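# Coordinate analysis (summary)
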Amino acid sequence: MLKIALIGSTGMLGIDLNAALKGVNFLVKNYNSKNLDIADPKTVNEALGVFKPDYIINSAAYTNVDGAEIEKEKAEAVNSAGVQNLADAALSLGSRIVHISTDYVFDGSKKTPYTEDDITNPINEYGISKLGGEEALKNSGASYIILRTSWLYGKNGKNFVNTILKLADSKKRIEVVEDQFGCPTYTKDAAYAISEIIIKDNSKNEIYNLTNGGYTSWYKFAVEIVNVFKRTNCEIIPVSSDKVARPAKRPACSILDNSKIKEDYNIELRNWKDALKKYCNDIGYFII
Ligand SMILES: NC(=O)c1ccc[n+]([C@@H]2O[C@H](COP(=O)([O-])OP(=O)(O)OC[C@H]3O[C@@H](n4cnc5c(N)ncnc54)[C@H](OP(=O)(O)O)[C@@H]3O)[C@@H](O)[C@H]2O)c1
């Protein structure tokens, strides 16, 4: 039975990953910041040295995009140095790392979907720290798969879908930016795909994009959310991003091209609109 160390098991993606992996009958051991601080190499080596996993899935991260602008060191300690610590442990234990990364490694200036080979150029501290993690892993000598995903939402975390639903229950109008484009991704779909990648693993060191299909803007995503969840009493108003002041800059276009994962693993996630409907089915219209 394959042994999998799931790092970040209490996170939004981590909880769905745990369910997906257990369904496949892997031996999964869960870690979060309470029992393994990835920023501390000693606790990483101690915990993983005892378990000796075949795979380390790293879904742990400092994920507060705006917070990273002021807590730059904290973001770097988890998202860059933390990944280096896991990579060092993986190298010495002979474990393979599946590391979760982000569309925010790109600057968003491209007008077409980003492939894995496009030049990275993050425009906020979170993106810089996540790119640092990718680079640390690639240069570590450890065996790796890096999966870049985007605009995650799921039952167990703070995310755009749940925020819109909460606001829609208390407001008549919500302003949402119309000039930023990306791929919303349901954590359950990503989690099942990740377990499939491990089953089909081709042992190559590669970066893959992994998102639901298609793309949209935050505005159109919000419109779809209120329609699917039947909150149509609330009007969604499109605004340009320069009207919404936020500490961290966001890429204008961070659509990811998923052809490579389809080609190498025959994995293709459903379209984002279908995934949103499935999420609504999974959680129920009024349970938020
Ligand atoms: N959310 C998005 O829209 C999005 C988009 C693209 C990519 N991603 C990437 O997808 C992955 C999962 O994101 P998510 O939204 O599921 O994250 P999340 O809900 O914020 O969960 C983060 C997880 O990381 C753990 N963690 C944080 N600091 C840690 C540390 N020092 N040591 C060990 N564990 C630590 C947390 O543990 P505790 O519960 O103990 O704090 C938690 O389990 C991340 O790599 C993120 O960068 C996310």
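First, a word on scope: everything that follows refers to the structure included in this document. (Residues numbered from 1 in each chain as written. Predicted model: local features only at pLDDT ≥ 70, side-chain atom pairs only at ≥ 80, totals over all residues. Heavy atoms only, no water.)

### Side note on the pattern of salt bridges
Taken as a whole, this structure holds 15 salt bridges when the rule is applied. Between glutamate 196 and lysine 200 there is a salt bridge, with the nearest N and O atoms lying 2.7 Å from each other. Overall, glutamate 196 belongs to the partly exposed group, its relative accessible area being 30%. With relative accessibility at 35%, the residue lysine 200 sits in the partly exposed group. The shortest N-O distance in the salt bridge between lysine 260 and glutamate 206 comes to 2.7 Å. With lysine 260 in helix 8 (residues 259–265) and glutamate 206 in strand 10 (residues 206–209), this pair connects stretches of sequence that are 54 residues apart. (Salt bridge = Lys/Arg side-chain N within 4 Å of Asp/Glu carboxyl O. Buried < 20%, exposed > 50% of the residue type's maximum accessible area, 1.4 Å probe, protein only. Helix = DSSP H or I, 4+ residues; strand = E, 2+ residues; numbered from the N terminus.)

### Observations regarding the pairing of strand 2 (residues 27–31)
Inspection of the sheet shows strand 1 (residues 3–7) paired to strand 2 by five bridges, in the parallel sense. Bridge assignment links isoleucine 4 to a residue of strand 2, and that residue is valine 28. With helix 1 (residues 12–23) bridging strand 1 and its parallel neighbour strand 2, the resulting β-α-β unit is right-handed. (Pairing = 2+ DSSP bridges. Right-handed = clockwise from strand over helix to strand, strands pointing away.)

### Description of the site of the ligand
Taken together, 26 residues form the shell around the ligand, and within it Thr10, Ser33, Thr63, Tyr126 and Lys130 come nearest. The separation between an oxygen atom of the ligand and a polar main-chain atom of isoleucine 100 is 3.2 Å. Residue lysine 130 places a side-chain N or O atom 2.8 Å away from an oxygen atom belonging to the ligand. When the ligand is considered free in solution it has 900 Å² of accessible area, and contact with the protein chains removes 81% of it. Among the elements of the structure, helix 1, strand 4 (96–102) and helix 4 (125–138) are those that each provide at least two residues to the shell around the ligand. The greatest single-element share of the shell around the ligand, amounting to three residues, is contributed by strand 4. Across the shell around the ligand, the residue classes tally to 11 nonpolar, 12 polar and three charged. (Near = heavy atom within 4 Å. Polar contact = N/O pair within 3.5 Å; in protein donor to acceptor, adjacent residues only side chain to side chain. Areas by Shrake-Rupley, 256 points an atom, 1.4 Å probe, with all protein chains shown as cover. Nonpolar A, V, L, I, M, F, W, Y, C, P; charged D, E, K, R; others polar.)

### Here we look at helix 9 (residues 272–283)
At 3.6 residues per turn, the α-helix brings residues three or four places apart onto the same side. In a regular helix each residue adds 1.5 Å, so 12 residues correspond to 16 Å; helix 9 covers 16 Å between its end C-alpha atoms and thus fits that length. Along helix 9, the residues that are buried comprise Trp272, Ala275, Leu276, Tyr279, Cys280 and Ile283. The arc enclosing the buried residues of helix 9, seen along the axis, measures out at 145 degrees, which places them on a common side. The inward-facing, buried residues of helix 9 abut strand 6 (152–153), helix 5 (160–170), strand 9 (185–186), helix 6 (187–199), strand 11 (216–217) and helix 7 (218–228). (Expected span 1.5 Å × (residues − 1). Arc of directions from axis to C-beta. Contact = heavy atoms within 4.5 Å.)

### What to know about unusual backbone geometry
Despite not being glycine, lysine 230 shows a phi value in the positive range, around 55 degrees. With respect to the helices, strands and loops of the structure, lysine 230 is situated in the loop between helix 7 and strand 12 (235–239). Its identity as a non-glycine residue notwithstanding, asparagine 266 has a phi of 55 degrees, on the positive side. Take asparagine 266: it is sitting in the loop between helix 8 and helix 9. Under the relative-accessibility criterion, asparagine 266 is labelled exposed at 53%.

### Notes on the packing of helix 1 against helix 6
Running from N to C, helix 1 and helix 6 point in directions that differ by 50 degrees, and their axes come no closer than 8 Å. As far as their axial angle goes, helix 6 and helix 1 are oblique. Of the two possible hands of crossing, helix 1 and helix 6 adopt the one that is right-handed. Touching Met12, Leu13, Asp16, Leu17, Ala20 and Leu21 of helix 1 are Thr187, Lys188, Ala190, Ala191, Tyr192, Ile194, Ser195 and Ile198, all from helix 6. Considering only residue class, the contact of helix 1 with helix 6 consists of 10 nonpolar, two polar and two charged. (Axes fitted to C-alpha atoms, helices over the stretch in contact; angles between N-to-C directions. Parallel < 35°, antiparallel > 145°, perpendicular 65-115°, else oblique. Left-handed = near helix turned anticlockwise from the far one by under 90°.)

### So, the nonpolar core
Counting residues in hydrophobic clusters, the biggest one holds 30 residues, and the most contacted among them are Ile7, Tyr31, Leu36, Ile38, Leu48 and Leu137. Going through the elements one at a time, strand 1, helix 2 (41–51), helix 3 (72–93), helix 4 and strand 5 (143–149) are the ones with two or more residues in this core. A total of seven residues in this core trace back to one element, the largest contributor, which is helix 3. Among all residues touching leucine 36, those that are not within four sequence positions of it are Ile7, Tyr31, Thr43, Val44, Ala47 and Leu48. (Core = buried A, V, L, I, M, F, W, Y, C linked by side-chain atoms within 4.5 Å.)

### Some remarks on the sheet that holds strand 2
Overall, parallel pairing links the six strands, which are arranged 2-1-3-4-5-10 in an open sheet. Edge positions in the sheet fall to strand 2 and strand 10, since each of these pairs with one other strand and no more. Between one strand axis and the next, the sheet turns by 20 degrees as a mean value, whatever way the strands run. Pairing analysis gives four bridges linking strand 5 to strand 10, with the strands arranged parallel. For isoleucine 146, the partnering residue across the bridge sits in strand 10 and is isoleucine 207. The strands that helix 4 touches are strand 4, strand 5 and strand 10; relative to strand 4, the one it contacts most, it runs at about 160 degrees.

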